[in-house]
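Commentary on secondary and tertiary structure
Single-letter residue listing:
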Amino acid sequence: MVRPRATVLVKLLGAFAVPTLALFALFAVIALEVTRRDLDAELGHRLTAVAAATSTQVRGKYLAELAIGDAEDRAYKNVATKLEAVAAATGAHLYVIDRQFVIRADSDPTATIGGHHYRAELDRLELARVFAGGSAASVTFEGAGGKIYYRDNPDSPAGA
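Just so we're clear, the structure is a prediction, and the values are computed from it rather than from any experiment.

Description of the overall build of the protein
The secondary structure content of the protein amounts to 4 helices and 4 strands. Walking the protein from its N terminus toward its C terminus, one meets helices and strands in the order α-α-β-β-α-α-β-β. For the protein, buried positions account for 25% of its 160 residues. Residue pairs at least 24 apart in sequence account for 42% of intrachain contacts in the protein once pairs closer than 6 positions are excluded. When the accessible area of the protein is evaluated, it comes to approximately 11300 Å², of which 63% is carbon and sulfur surface.

Laid out in structure tokens, this is it:
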């Protein structure tokens, strides 16, 4: 019984093609990770810029005394209108909270003003930096239903 032998061409292809394909795959994975990090950093910078620009339009002292159900207050309506305009232009959900995580204004008209914002409390370390005058950025993650979210992360290179 004669066994077929690999030709020189097959041996050369195996010796050069397989390592080359492996290197290209490795470079693709590295490029994907670097691009993802850069994209997260850029998104963080842009969201920080949106928040900073919006904060110049909002005067917190007028919102400090709002209680649950004060959505008809003139100061609230003024701030809510500004938040809704920025949210419509950027696609971001914007809200104003105080140090006790109480909602003072929201771009979502169905939000309960004066209620506790429990989700913001999950990010209390990042918000402490914001309340101290700094800024905080985030990294993206995929939530339920495949929707992409941006969540605060103090270890993110996008953090400023």
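Remarks on the pattern of salt bridges
Under the definition given, this model contains 5 salt bridges. A salt bridge links Asp98 to Arg104; its shortest N-O distance comes to 2.9 Å. Comparing Asp98 with Arg104, the two get one shared label, buried. Linked through salt bridges whose partners overlap, the residues forming this network are Glu33, Arg36, Arg37 and Asp40.

Let's talk about the pairing of strand E2 (residues 103-106)
Put simply, side chains in a regular strand alternate between the two faces of the sheet. Examined bridge by bridge, strand E1 (residues 95-97) and E2 share 3 bridges and lie antiparallel to one another. When the sheet's bridge partners are listed, Val96 is paired in E2 with Ala105. Counting the residues in the hairpin turn of E1 and E2 gives 5 residues, including Phe101, whose phi is positive at 65°.

Some words on the nonpolar core
Formed by 17 residues in total, the largest nonpolar core has its most connected members in Leu83, Leu94, Ile97 and Ala105. Listing elements by their share of this core, those giving two or more residues are helix H2 (74-90), E1 and E2. Of the residues forming this core, the biggest block, 5 residues, is contributed by H2. Beyond its immediate chain neighbours, meaning those up to four positions away, Ile97 contacts Val102, Ile103, Arg104, His117, Ala120, Leu127 and Phe131.

Quick word on unusual backbone geometry
Backbone geometry places Phe101, a non-glycine residue, at a positive phi of 65°. In this fold, Phe101 is placed in the loop between E1 and E2.

Re the confidence of the model for the protein
Overall, the prediction assigns the protein a mean pLDDT of 77, with 79% of residues at 70 or greater. Within the protein, helix H1 (residues 8-55) carries the highest mean pLDDT (88), whereas strand E4 (residues 148-152) carries the lowest (59). The low-confidence segment residues 152-160, where pLDDT is below 50, has 24 contacts with residues more than four positions distant or belonging to other chains.

A word on H2
In a regular helix each residue adds 1.5 Å, so 17 residues correspond to 24 Å; H2 covers 24 Å between its end C-alpha atoms and thus fits that length. Listing the buried residues of H2 in full gives Tyr76, Val79, Ala80, Leu83 and Ala87. End-on view of H2: buried residues confined to an arc of 100°, all on one side of the axis. In H2, the exposed positions angled more than 90 degrees off the buried face are occupied by Arg74, Thr81, Ala88 and Ala89. Along its buried surface, H2 packs onto H1, E1 and E2. Once H2 ends, the next one or two residues include Gly91, with phi positive near 80°.

Cut-offs used in this document
- Residues numbered from 1 in each chain as written.
- Predicted model: local features only at pLDDT ≥ 70, side-chain atom pairs only at ≥ 80, totals over all residues.
- Heavy atoms only, no water.
- Helix = DSSP H or I, 4+ residues; strand = E, 2+ residues; numbered from the N terminus.
- Buried < 20%, exposed > 50% of the residue type's maximum accessible area, 1.4 Å probe, protein only.
- Contact = heavy atoms within 4.5 Å.
- Areas by Shrake-Rupley, 256 points an atom, 1.4 Å probe, with all protein chains shown as cover.
- Salt bridge = Lys/Arg side-chain N within 4 Å of Asp/Glu carboxyl O.
- Pairing = 2+ DSSP bridges.
- Core = buried A, V, L, I, M, F, W, Y, C linked by side-chain atoms within 4.5 Å.
- pLDDT = per-residue confidence, 0-100.
- Expected span 1.5 Å × (residues − 1).
- Arc of directions from axis to C-beta.

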